[in-house]
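Next come the chains, spelled out residue by residue.
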Amino acid sequence: MINNLLENLNETVDYIRKHYSGQPLIGVVLGSGLGNFVNDLQVEYAIEYSMLPNFPVSTVEGHGGKLIFGKMAGKNIVVMSGRFHYYEGYTPQQVVYPIRVMKMLGVKTILISNAAGGVNKSFRVGDMMIITDHISLFTVNPLVGKNIEEIGTRFPDMSEPYNKEIISKAKNIANRLGYDVKEGVYCGVTGPTFETRSEYKLIQSIGGDAVGMSTVQEVIAAVHAGLKVFAMSIITDIGIRDEDNIITHEEVLAAANATEPKMSALFKELVRML
Ligand code: HPA
C-alpha cells in the first residue's frame, strides 16, 4: 500500500485538477469549532472528502469533511474543513494524507488550528496560543515505514518545525488587532480520553504548555515534505487546575466557538500578509 502512496496521491491530485485549475500556495487546516473561517472565503470549488479518490472519510461530530478551494485577500488558498484524527481509527498515514495532497497541489505554507487543553498555569479558557514547538507524546510518527524520497528525506530535521518568520508576523498582527496571544509548546497525545490529573502534571513537567489530539502528525508530514508551518491553539479547558474539574467535549467546542471570531480574523490577516 505504501508503494502505491505516490500513485494514490497523483490520482487524488489529478481528480482535483480536472475540477479546479487554481494554484493554491497556502493550505489551512481548520480545527474544532473554527469552521466559520470559510465564511470569509470566496469559494471556487468545494468537494466532500468522501467524493475524492483515496481520501479517508471524516466521522467526528463538528467536523465538516470538505476540501474547499477559493480566494481570500486575493490569494488562492485551499482549506481542509475537518481533519482526520488518529483516535478515530485512521492510520497515521491516513491522518496526513491531505497534507501530502496539498503539497502535491503546489502548496508552500500550511496554517493549522486546533483546540487544546491548557497546561501552563497562566493560561485561561479562550486564550490563543501560537505553537512554537511540539512534543509528540505517544503519537505514532506518520513517517514510520518505507520512506518515499519523492516526498522527503528519511530522517527529517525537526529543530524548527514552526516557521519563525510566520510566528513573528502573527504576533505583529495580533498586536495590531489588540489580541493577547500566548506562545508555547504543544504536546500531542492520541486521545480520545482527556488526560488524567497525573498526565496533565507530567505534560507540564516535561515543558508542555498545551495538550491536544491533533496537529503533531500533520506537522511532521508537512516538515517532511518541505512545507512551512504555522499553528495555533485555542485553549478550551484547563486540565491542570487544583480543584476538581471534569472536561467535556461540549465545553471544548463551546470555548473554541467563543474564540473562533478572533482566531479567524488573525488567520485571515495572516493569509493577506504571507
Ligand atoms: N486534552 C487533550 N486534547 C484536548 C484537550 C485536552 O485537555 N482540550 C481540547 N483538546
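Because the structure is a prediction, the values reported are computed rather than measured.

### A word on the environment of leucine 25
So, point 1. Position of leucine 25 among the secondary structure elements: in the loop between helix H1 (5-19) and strand S1 (26-30).
So, point 2. The spatial distance from the C-alpha of leucine 25 to the C-alpha of serine 264 is 19 Å, given a sequence separation of 239 residues.
So, point 3. Setting aside residues no more than four positions away along its own chain, leucine 25 makes contact with Asn76, Gly106, Val107, Lys108 and Thr109.

### Comments concerning the pattern of salt bridges
Pairing of side chains with opposite charge becomes possible as their charged atoms draw close.
So, point 1. For the structure shown, the criterion picks out 8 salt bridges.
So, point 2. With a shortest N-O distance of 3.9 Å, aspartate 40 and lysine 268 are connected by a salt bridge. Of this pair, aspartate 40 sits in the loop between S1 and strand S2 (42-48) while lysine 268 is found in helix H7 (residues 249-273), placing the two residues 228 residues apart along the sequence.
So, point 3. The class of aspartate 40 is partly exposed, set by a relative accessible area of 39%.
So, point 4. In this structure, glutamate 269 and arginine 176 form a salt bridge, with 3.3 Å as the shortest nitrogen-oxygen distance.

### Considering the packing of aromatic side chains
So, point 1. Scanning the entire structure with this criterion turns up 10 aromatic pairs.
So, point 2. Ring centres 5.1 Å apart and planes at 75 degrees place the aromatic pair phenylalanine 84 and tyrosine 90 in the edge-to-face group.
So, point 3. Given the relative accessible area of 1%, phenylalanine 84 is considered buried.
So, point 4. Residue tyrosine 90 is classed as buried on the basis of its relative accessible area, which comes to 11%.

### Focus on the side chain of asparagine 163
So, point 1. Note that asparagine 163 resides in the loop between strand S6 (128-136) and helix H4 (164-177).
So, point 2. Judged by its relative accessible area of 15%, asparagine 163 is buried.
So, point 3. Only 3.0 Å separates the side chain of asparagine 163 from the backbone nitrogen of isoleucine 166, close enough to count as a polar contact.
So, point 4. Aside from chain neighbours lying at most four places away, what touches asparagine 163 is Lys228 and Val229.

Criteria and cut-off values
- Residues numbered from 1 in each chain as written.
- Predicted model: local features only at pLDDT ≥ 70, side-chain atom pairs only at ≥ 80, totals over all residues.
- Heavy atoms only, no water.
- Helix = DSSP H or I, 4+ residues; strand = E, 2+ residues; numbered from the N terminus.
- Contact = heavy atoms within 4.5 Å.
- Salt bridge = Lys/Arg side-chain N within 4 Å of Asp/Glu carboxyl O.
- Buried < 20%, exposed > 50% of the residue type's maximum accessible area, 1.4 Å probe, protein only.
- Phe/Tyr/Trp six-rings, centres within 6.5 Å; stacked < 30°, edge-to-face > 60°.
- Polar contact = N/O pair within 3.5 Å; in protein donor to acceptor, adjacent residues only side chain to side chain.

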